[in-house]
Amino acid sequence: MARLYEYQGKELLRGMGIPVPRGRVARDPIEAAKIAQEIGLPVAVKAQVLTGKRGKSGGIRFAVTLEEVRTAARALFRESIHAIPVEAILVEERLEIRREIYLAVTADPSRRQPVVLISLTGGVDIEETAAQDPRRVSQAPINIREGLLDHAARNILRKTPGATSADIVGLAPVLCDLYRTYRQFDCKLVEVNPLALTPAGPVAADARVDIDDDAIWRHPELGLRMTEETGRAPTPLEVIAGTIDEGDHRGTAHFIQLDPDGSLARDLGKIPVAFDCVGTGASLTTMDELVPLGYYPVNFADTSGNPSASKMYRITKVILAQPQIQGYLFISCISSQQLDNTARGIVAALKELFPATGGQPNIPMLFAFRGAYDEEAVQVFRDHGIASSPWVELLGRDVDERDAARAFHKLHRRWRDATGSVP
Amino acid sequence: MSLEFHVLSGGALFIETTGCPSCESKACVKVCAEQSPGPVLILGEDGRPCLKPTLAEIKRGVCTECLGCLLECGIRGNDVVRFQAPLEGLDAYVAEQEEGGRIPVYRRGM
């Protein structure tokens, strides 16, 4: 899922005919004040971070003077919202809000249809509202072959508890435009929370737009990069890793940094290690075995679905570019994927990254090949002289995740004792 | 003399074939013959590897990018196969990390 920032989402909505407040994004307090001067005071100053409950966390401030704009901007740029640093703020006109409405279009996997969500009592704590009093959030599935036309939108609103005639007439066009946005940009979610009812009519006071990962390539105009769903902005390495699958459908190379700067491992007193698995189950099980032994996987990676060797080559280079690592593990589940190809990709990367030693690494590395062509995979390592490295351990299908973690622990201690490396 | 072809992932393989006639192993051709859906590299009459499918077919994915030719030529042949695979931004990322003193393990001394 590619989640857009509020200002990007509002640009989309504006383009689809949904009114949004006048405003622009700023990267520093001076720019923020300049924008406020252009659009007129008072203004709202809003942190642009990819997280929910931003208002409750102090990420939205109001200013009636330019000095207040600068002060608010300075404060926000110094802050982190839910541990995400603020790197951009949206400065926009402060709305005269008479009433708040919640509107959204999202995918309903159980119906396999888009569904419209409406709450005429606003959207503060919408999840809790829906759980406690489902009648306050009405839902209506949309048949994608028919789309959402004005008369159908009016019918949905008519059935919404508490809807007045003015609501039905005023909100139906917004609902239709919201649905068009959802479809046109291959969204998983388009949410306006709140839709502010102002004297001038309805205005999207906030916008959340999530684009379906698999459709990003259809929308070069959005300038998005394919990355994993993490609920935060992708790290530079995640963006680079996201390019690996872009042009190659053969297998997948998922990569997420769990501890990008190694600070979490350090705080926990653990040894940071890099990680790649064939299969998420094997990955999580191995992680569970590694942590009690004193290691912390600084990334998650899953290279499964029979990726090409060239894909393995690329993702291995990305994984090993993490500067804080003191070891690397590759573990396959009992896999049907052609593991000799997997091995070739890893070996090609190691030979390129460690040319002076013909691919033999300078940190402990454990490879557990279990599944189709596993013996051939081990043979590739032998053929290229990497298996004879004192810091390489090769395991086959006769080991489980616990065996692999323990073998890595033993290898790491041997490496540490021999090299004097301090964990 | 050289042979160059572009593959589905966006990468490209380059083979400097000048010395290939004297190569006794012909390892690139042998390993390619083992790959499904069949060989991309075959032995030409001049003793050099040449392409069986068209460049367009290879670009569409006929080459499985097993990297067998790259690796086998490296240890059994003349080490004349090179693979270039785009990883946009990785070099810049590593350089930036190094400026901040965060050096990847493979860039440190052994």
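Residues numbered from 1 in each chain as written. Chains lettered and ligands numbered in written order. Predicted model: local features only at pLDDT ≥ 70, side-chain atom pairs only at ≥ 80, totals over all residues. Heavy atoms only, no water.

Participant: Would you mind showing me how to read unusual backbone geometry here?
Facilitator: What you tend to see is this: most non-glycine residues have negative phi, and most peptide bonds are trans. Here Leu-41 of chain A and Pro-42 of chain A are connected by a cis peptide whose omega angle stands at 0 degrees. Mapped onto the elements, Pro-42 of chain A comes out in the loop between α2 (29–39) and β3 (43–47). Residue Pro-194 of chain A is reached from Asn-193 of chain A by a cis peptide bond, and omega for that bond is 10 degrees. Along the chain, Pro-194 of chain A turns up in strand β11 (residues 187–198). Even without glycine at this site, Arg-112 of chain A takes up a positive phi of about 55 degrees. Mapped onto the fold, Arg-112 of chain A is located in the loop between β8 (99–108) and β9 (113–119). The phi angle at Asp-79 of chain B is positive, at roughly 55 degrees, despite the residue not being glycine. Along the chain, Asp-79 of chain B falls in the loop between α3 (68–76) and β5 (81–84). (Helix = DSSP H or I, 4+ residues; strand = E, 2+ residues; numbered from the N terminus.)

Participant: Would you explain the packing of aromatic side chains in this entry?
Facilitator: Tallying each qualifying case throughout the model produces 10 aromatic pairs over all chains. Plain terms: the ring middles of Phe-354 of chain A and Tyr-106 of chain B are 6.4 Å apart, the flat faces sit at 85 degrees to each other, and that makes the pair edge-to-face. Pair noted here: Phe-354 of chain A is in the loop between α11 (339–353) and β19 (365–368) and Tyr-106 of chain B is in the segment after α4 (90–99), and the two residues belong to different chains. Summarising the burial analysis for this pair, Phe-354 of chain A and Tyr-106 of chain B share the class buried. Considering the side-chain rings of Phe-367 of chain A and Phe-381 of chain A, the 4.6 Å spacing of their centres and the 50 degrees angle between planes classify their relative orientation as tilted. (Phe/Tyr/Trp six-rings, centres within 6.5 Å; stacked < 30°, edge-to-face > 60°. Buried < 20%, exposed > 50% of the residue type's maximum accessible area, 1.4 Å probe, protein only.)

Participant: Where do I start with the interface of chain B and chain A in this structure?
Facilitator: The parts lose accessible area when they come together, and the size of an interface is often stated as this lost area. If you look at the interface, chain B gives 35 residues, while chain A gives 37 residues. Of the roughly 2900 Å² buried at the junction of chain B and chain A (both faces included), carbon and sulfur atoms supply 63%. At the junction of chain B and chain A, the tally comes to three salt bridges. Residue Asp-383 of chain A is joined to Arg-76 of chain B by a salt bridge in which the shortest nitrogen-to-oxygen separation is 3.3 Å. The set of elements that each furnish at least two residues to the side of chain B that touches chain A consists of α3 and α4 of chain B. No other element matches α3 of chain B, which puts six residues into the side of chain B that touches chain A. (Contact = heavy atoms within 4.5 Å. Buried area = accessible area lost by both parts, 1.4 Å probe. Salt bridge = Lys/Arg side-chain N within 4 Å of Asp/Glu carboxyl O.)

Participant: Honestly, the packing of α11 of chain A against helix α12 (residues 374–383) of chain A in this entry has me stumped. Any pointers?
Facilitator: For any two helices packed against each other, one specifies the crossing angle of their axes together with the interaxial distance. All names here are of chain A. At a closest axis distance of 7 Å, the pairing of α11 and α12 adopts a crossing angle of 20 degrees. By the criterion of interaxial angle, the relationship of α11 to α12 is roughly parallel. α11 and α12 meet at a crossing whose hand is right-handed. Contacts between α11 and α12 involve Leu-339, Asp-340, Ala-343, Arg-344, Ile-346, Val-347 and Leu-350 from the first element and Asp-374, Glu-376, Ala-377, Val-380 and Phe-381 from the second. Among the residues forming the contact of α11 with α12, the class breakdown is eight nonpolar, no polar and four charged. (Axes fitted to C-alpha atoms, helices over the stretch in contact; angles between N-to-C directions. Parallel < 35°, antiparallel > 145°, perpendicular 65-115°, else oblique. Left-handed = near helix turned anticlockwise from the far one by under 90°. Nonpolar A, V, L, I, M, F, W, Y, C, P; charged D, E, K, R; others polar.)

Participant: Would you mind going over the sheet that holds strand β1 (residues 2–6) of chain B with me for this structure?
Facilitator: To summarise the sheet geometry, strands pair through backbone hydrogen bonds and adopt either a parallel or an antiparallel arrangement. Residue and element names in this part refer to chain B. A sheet is described by the order of its strands in space; here three strands give the open sequence β1-β2-β5, paired in antiparallel fashion. Of all strands in the sheet, those bounded by a partner on one side alone are β1 and β5. Each adjacent strand pair in this sheet contributes to an overall mean axis angle of 15 degrees, direction not counted. One ladder, built from four bridges, connects strand β2 (residues 12–16) with β5; its direction is antiparallel. Bridging from a neighbouring strand, Phe-14 pairs with Arg-82 of β5. (Pairing = 2+ DSSP bridges.)

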